[in-house]
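So you can see what is in the structure, the chains are spelled out below.
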Number of protein chains: 2
Amino acid sequence: MQIEYPNFKFDITQKSDTSRARVGVLSTPHGALETPAFIFCATKAAIKGASPAQMKAQGTQIILSNTYHLMLNPGGALIEKMGGLHQFMGWDGPLLTDSGGFQVFSMGHGSVSQEIKKNSRDTRPKTVLKISEEGVTFRSYLDGSLQVLTPERSIEVQRQLGPDFVVVFDECTPYHVDKSYTEKSLHLSHRWGVRCLQEFEKHHTGRQALYGILQGGVYPDLRKIAAEFVNEQPFFGYAVGGSLGENKAQMYDVVAETMSLLNPTRPVHLLGIGGVKDIFAGVLQGIDTFDCVHPTRLARHGGALIKGGDKEKNREHIVLSNQKFQYDERPLDETCACETCKTYSRAYLHYLIRASESLVMQALTLHNVAFMNRLMAAIRQAIRDDRLEAEREAWV
Amino acid sequence: MQIEYPNFKFDITQKSDTSRARVGVLSTPHGALETPAFIFCATKAAIKGASPAQMKAQGTQIILSNTYHLMLNPGGALIEKMGGLHQFMGWDGPLLTDSGGFQVFSMGHGSVSQEIKKNSRDTRPKTVLKISEEGVTFRSYLDGSLQVLTPERSIEVQRQLGPDFVVVFDECTPYHVDKSYTEKSLHLSHRWGVRCLQEFEKHHTGRQALYGILQGGVYPDLRKIAAEFVNEQPFFGYAVGGSLGENKAQMYDVVAETMSLLNPTRPVHLLGIGGVKDIFAGVLQGIDTFDCVHPTRLARHGGALIKGGDKEKNREHIVLSNQKFQYDERPLDETCACETCKTYSRAYLHYLIRASESLVMQALTLHNVAFMNRLMAAIRQAIRDDRLEAEREAWV
């Protein structure tokens, strides 16, 4: 099969001599973005706490939405009728949707999302009823209605939504499954991948580009099979997904292993990773884009990302509800030029949290968005200047 | 007593020939505002759902905060230490604080706020323990601690907060009290008013201007006594407060009665009134500024103010959760140029409410703020052009 992407382009403008790190320009029908880039999660077609204009003002290049949530409410057909997701949510820049697979399986098994990240506190009921060659049957978390998600339906909904980047539908295996299940699942995902390509090609107008997903769990031989599959297929780019191991060392190994096997001319996205340290590790392995709810979710829980982190607590953010900020007249981050840092003191943000004032959500969201965009810009510049390790020291 | 306000000025630039309506410029140490103007409520030192930059961008001239809430949390001393309320909340324009009286009594009697508006559903416990010549003893709604609010303390806290406009501490009588209580209370409020003036004068640096409050309930003879009192005292401006009656007709009568008695060179604020129809009625009687939580609270409950109102339902706003907006591609108001109307359809805002997405609060807040500022600008222009009645027809 051959698929052309005439309105998309990935130009690698600079490569590191000492690692796989690279700077590029990813062109879409809704404008270009510089990579490495961070993709913010507008899960249900809205960034919680920030308007499209505010996202743009903080330097955001690209956002994503979730097919799973949007197919259940308000539905692909309504969004298509409203002119597509870009117009519906008022975002005119590059946009990605995932396939719905991660949410079906993570919400469906009740604990996959947590398990993938090695943390089993989630006790929600299992809503996945059947996984077959055809697809997945599950119950809507909204109204209990029976839903079937197949590769064809995922691509169809993503066509209705109309983002620039579309992702294939796959089975996302949790951490606890064994190698035998992972291998069977991998081959199922590959057959689904081919069906996604066929469905995608059928209606292809050149306005969307398809990403393949790499599964294979923590097993090098399976990751190799996955890499060979996606290299052979006419995907525009790759998304590295699935379980990346039980700790950071293993995650870095799995990513390194996978990246060594991929066609280096295509853009690579690392799914669901958004920590500062992890982004540097991914960039060093050649990852071009990242996404994670972390920066915006952290904001809603009163956390602000700080360059260099909170050394006392050994973490990448400070928690504004902490009593020590009550009289702190400094901005969140003296090196940050975002609206929040130009306007408010830590003392004010601390007060807003204590007073349950909703404005703090917006303020911290804007800061964390600006932080991530500034981080990625600094990373790009550091790759150009061949001093990524020094830049890492300043941020981690 | 004589008090000068060298850094404040109220210039009436245009008077209507056919009513008491007037256009003016109110100058403060933090800039000037054009009147008639609407004052938005940043109750606890924050507009819920909009940053100072967003408020400015929607044309906001002035906001207010509540002494009662801020004295309890985070306290006047902390805000003073942080450079005052302007700096603390990041608002550099004109700013007013009320005296705390309305909240002490409305929250304290459990139902006064509702009663003043003739609506007795509030069943909160009474926290006012004692009203004496000295002041009011009440329990903090936050931690149950015993608090005493006196005229002196109210002015002291307002000095710590540092707004441009300060309001005297008074007893705010509910609707149900009889004339005899209203009369006794009026005289108590006047004695408190004199103590406020004395306390204010003691530390007066010219950076703040004091408003007197007019009480007197629905009784013309008591309103007359109140008017004579404030006219004689060196207040910079007046605030019309207390019970304005059991229906709109009575409210308009009370306001008209009061306005006919006041020194016409001083600015007059009408406390807690924010409906479109009521604002036109107030402007016709010579009111210069209004405040109310209505526009921003309505936004948080999914309501959008619309020029001309919702004729079908006979109200001044539409309710976005209504099913009829599910496929409505129009902006909230086709005549509005706010960020929300430029960016989103009613269908999207309807969807956000149904999906419990917090962005809708911000979107509707910005629209309602823009609406009120546009309304007041239209009113000012209509007074200049002597066509206020025609303008009223377009909005009500």
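Residues numbered from 1 in each chain as written. Chains lettered and ligands numbered in written order. Predicted model: local features only at pLDDT ≥ 70, side-chain atom pairs only at ≥ 80, totals over all residues.

Draft legend 1. View of the overall build of chain A. Broken down by element type, chain A carries 16 helices and 16 strands. Scaling as 2.2 N^0.38, a compact globule of 396 residues should have a C-alpha radius of gyration of about 21 Å, and chain A matches this with 21 Å. Viewed in the frame of its principal axes, chain A has a C-alpha envelope of about 60 × 50 × 40 Å. Burial status across chain A gives 55% buried among its 396 residues. In chain A, 66% of the contacts between residues at least 6 apart in sequence involve partners at least 24 apart. (Helix = DSSP H or I, 4+ residues; strand = E, 2+ residues; numbered from the N terminus. Rg over C-alpha atoms; globule rule 2.2 N^0.38 Å. Buried ≥ 20, exposed ≤ 12 C-beta atoms within 10 Å, placed from the backbone. Contact = placed C-beta atoms within 7 Å.)

Draft legend 2. Structural context of the pairing of strand β1 (residues 9-15) of chain B. All names here are of chain B. In this sheet, strand β2 (residues 22-28) lies alongside β1 in antiparallel orientation, the contact comprising six bridges. Residue pairing in the sheet places Asp11 in a bridge with Val25 of β2. The hairpin formed by β1 and β2 contains six residues between the paired strands. (Pairing = 2+ DSSP bridges.)

Draft legend 3. The arrangement of the relation of the copies chain B and chain A in detail. Of the transformation placing chain B onto chain A, the axial shift is 0.0 Å and the rotation is 180 degrees, giving an RMSD of 0.0 Å. These values place the two chain copies in the arrangement generated by a two-fold rotation axis. Same-surface contact between copies: 100% of interface residues of chain B are shared with the interface of chain A. (Least-squares fit on C-alpha atoms with pLDDT ≥ 70 in both.)

Draft legend 4. Region of the structure containing the interface of chain B and chain A. Contact residues are listed per partner, giving 33 residues for chain B and 33 residues for chain A. Listing elements by their share of the side of chain B that touches chain A, those giving two or more residues are α1 (52-57), α4 (85-89), α13 (339-343), α14 (346-354) and α15 (359-384) of chain B. Sort the elements by how many residues they give to the side of chain B that touches chain A and α14(B) lands first, with five residues. Residues that form the side of chain B that touches chain A fall into these classes: 18 nonpolar, eight polar and seven charged. (Nonpolar A, V, L, I, M, F, W, Y, C, P; charged D, E, K, R; others polar.)

Draft legend 5. Region of interest: unusual backbone geometry. Cis rather than trans, the peptide bond between Thr35(A) and Pro36(A) has omega equal to 0 degrees. One can find Pro36(A) in the loop between β3 (31-35) and β4 (37-41). Residue Pro74(B) is bonded to the preceding Asn73(B) through a cis peptide linkage, with omega at 5 degrees. Here Pro74(B) shows up in the loop between α2 (67-72) and α3 (76-81). Phi is positive for Ala45(A), which is not a glycine, with a value near 65 degrees. Taking the number of C-beta atoms within 10 Å as the measure of exposure, Ala45(A) has 26 and is therefore buried.

Draft legend 6. Structural detail: the pairing of strand β9 (residues 146-149) of chain B. All names here are of chain B. The alternating pattern of β9 places Gln147 and Leu149 on a buried face, while none of Leu146 and Val148, on the opposite face, is buried. Where strand β8 (residues 136-139) and β9 come together, four bridges link them in antiparallel fashion. In the strand pairing of β9, Val136 is matched with Leu149. Linking β8 back to β9 in an antiparallel pair, the connection comprises six residues, with Gly144 at a positive phi of about 75 degrees.

Draft legend 7. Layout of the environment of Asn263(A). Looking at the element boundaries, Asn263(A) is found in the loop between α10 (248-259) and β13 (268-270). Each C-alpha atom, one on Asn263(A) and one on Asn231(A), is 6.0 Å from the other, the two residues being 32 residues apart in sequence.

Draft legend 8. Spotlight on the sheet that holds β2(B). Residues and elements named next belong to chain B. Read from one edge to the other, the open sheet built from three strands follows the order β1-β2-β3, with strand pairing classed as antiparallel. The two strands at the open ends of the sheet, each matched to only one other strand, are β1 and β3 (31-35). Adjacent strand axes in the sheet meet at a mean angle of 15 degrees when their direction is disregarded. Seen against the sheet, α15 touches β1, β2 and β3 and runs at an angle of roughly 125 degrees to β2. (Axes fitted to C-alpha atoms, helices over the stretch in contact; angles between N-to-C directions.)

Draft legend 9. A look at the nonpolar core. In terms of nonpolar packing, the biggest core is built from 240 residues, with Ile63(A), Tyr211(A), Ile63(B) and Tyr211(B) touching the most fellow members. Those residues in contact with Ile63(A), other than ones at most four positions away along the chain, are Ile39(A), Phe40(A), Ala42(A), Ile47(A), Met55(A), Trp91(A) and Leu95(A). (Core = buried A, V, L, I, M, F, W, Y, C linked by C-beta atoms within 7 Å.)

Draft legend 10. Focus on the domain arrangement of chain A. Residues and elements named next belong to chain A. If you check the domain split of chain A, you get domain 1 (9-292) and domain 2 (300-379). The distance between the C-alpha centroids of domain 1 and domain 2 comes to 29 Å. Taken together, the contact between domain 1 and domain 2 spans 15 residues of the former and 14 residues of the latter. Of all the secondary structure elements, the ones that give two or more residues to the side of domain 1 that touches domain 2 are β4, α1 (52-57) and α11 (276-284). The dominant element in the side of domain 1 that touches domain 2, judged by the number of residues it contributes, is β4, at three residues. Across the side of domain 1 that touches domain 2, the residue classes tally to eight nonpolar, six polar and one charged. (Domains from an automatic or database assignment.)

Draft legend 11. Layout of helix α7 (residues 151-161) of chain B. Residues Pro151(B), Ser154(B), Ile155(B), Val157(B), Gln158(B), Arg159(B) and Leu161(B) constitute the buried set of α7(B). Downstream of α7(B) by one or two residues, Gly162(B) has phi in the positive range, about 75 degrees.

Draft legend 12. Spotlight on the sheet that holds β9(B). All names here are of chain B. Within the open sheet, the three strands sit side by side as β7-β8-β9. Their pairing is antiparallel. Looking along the sheet, the strands with just one partner apiece sit at the ends: β7 (128-131) and β9. Neighbour to neighbour, the strand axes of the sheet diverge by 20 degrees on average, direction disregarded.

Draft legend 13. Here's a closer look at the confidence of the model for chain A. Across chain A, the average pLDDT comes to 94, with 96% of residues at or above 70. In the model output, the complex is listed with pTM 0.94 alongside ipTM 0.94. (pLDDT = per-residue confidence, 0-100.)

Draft legend 14. Structural detail: the packing of helix α14 (residues 346-354) of chain A against helix α15 (residues 359-384) of chain A. All names here are of chain A. Packing of α14 against α15 leaves a shortest axis separation of 9 Å and a crossing angle of 135 degrees. By the angle between their directions, the pair α14 and α15 is classed as oblique. The element α14 and its partner α15 pack so that their crossing is left-handed. Seen from α14, the contacting residues are Leu349, Leu352 and Ile353; seen from α15, they are Leu359, Val360, Ala363 and Leu364. In the contact of α14 with α15, the residues fall into seven nonpolar, no polar and no charged. (Parallel < 35°, antiparallel > 145°, perpendicular 65-115°, else oblique. Left-handed = near helix turned anticlockwise from the far one by under 90°.)

Draft legend 15. Quick peek at the environment of Ala45(B). Turning to its location among the elements, Ala45(B) is positioned in the loop between β4 (37-41) and α1. Filtering out sequence-adjacent residues up to four positions away, Ala45(B) remains in contact with Ser65(B), Leu70(B), Leu85(B), Phe88(B) and Met89(B).

Draft legend 16. A look at the environment of His86(A). Residues and elements named next belong to chain A. You can see His86 is positioned in helix α4 (residues 85-89). Through-space distance from the C-alpha of His86 to that of Gln208 is 13 Å; in sequence the pair is 122 residues apart. The residues contacting His86, other than those within four sequence positions of it, are His30, Trp91, Asp92, Leu95 and Gly162.

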